[in-house]
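Here is how the chains run, residue by residue.
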Amino acid sequence: LMQIFLSFPPINSPPLTSIISLIRTHATSIHTLKIIKKVMPLPVWNPKSNPRDWTHLMPILTPAYPSMNSSYNVGQPQLRRIMDELNEACRILQGISRGECTWANLFQGSDFFKQHRHYLQVCVLACGK
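Residues numbered from 1 in each chain as written. Predicted model: local features only at pLDDT ≥ 70, side-chain atom pairs only at ≥ 80, totals over all residues. Heavy atoms only, no water.

Colleague: Quick question: what am I supposed to make of the side chain of His56 here?
Modeller: Relative to the elements of secondary structure, His56 occurs in the loop between helix H3 (30-39) and helix H4 (76-98). In terms of polar contacts, His56 uses its side chain to reach the side chain of Asn69, at 3.0 Å. (Helix = DSSP H or I, 4+ residues; strand = E, 2+ residues; numbered from the N terminus. Polar contact = N/O pair within 3.5 Å; in protein donor to acceptor, adjacent residues only side chain to side chain.)

Colleague: Got a minute to help me understand the layout of surface pockets in this structure?
Modeller: In this approach, a probe sized like a water molecule rolls over the atoms, and the result shows the empty space that is left. Put simply, the largest pocket is a space of about 320 Å³. Taken together, 13 residues line the largest pocket, and the ones lying closest to its centre are Glu85, Glu88, Ile92, Gln108 and Gly109. Of all the elements in the fold, those that place two or more residues in the lining of the largest pocket are H4 and helix H5 (103-106). Broken down by element, the residue count for the lining of the largest pocket peaks at six residues, all from H4. A breakdown of the residues in the lining of the largest pocket according to their chemical character gives three nonpolar, five polar and five charged. (1 Å grid on protein atoms, 1.4 Å probe; cavity = no way out; pocket = protein on both sides within 12 Å on 5 of 7 lines; lining within 4 Å. Points joined across faces, edges and corners; volume = space filled by probe spheres on them. Nonpolar A, V, L, I, M, F, W, Y, C, P; charged D, E, K, R; others polar.)

See below:
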């Protein structure tokens, strides 16, 4: 579990790889690229071809075509909150590995409602299809 948190790179800029750029890299001919354009006409997340994609703070790309950023609406406050939580989890895991903390520390309840006096709760229900 610790390796997961240690493998997170600092989020400074979006990665330069997308599904389509990988396919184009391995395409061997102009004919293959024409087929790809016919089969995959939808725009995909790609900061090389779409400058607006560079502005995304925390790109989490969908693994299927068309590749899109599923965290498009993450702003600085949300990113800061997520990174704070990940750093706290990493700190606790390091404490567990040194014998200073227990697994109960990692799974204890959140003080979210003490930290944030004002919040919006949305409940969505659907019936049928």
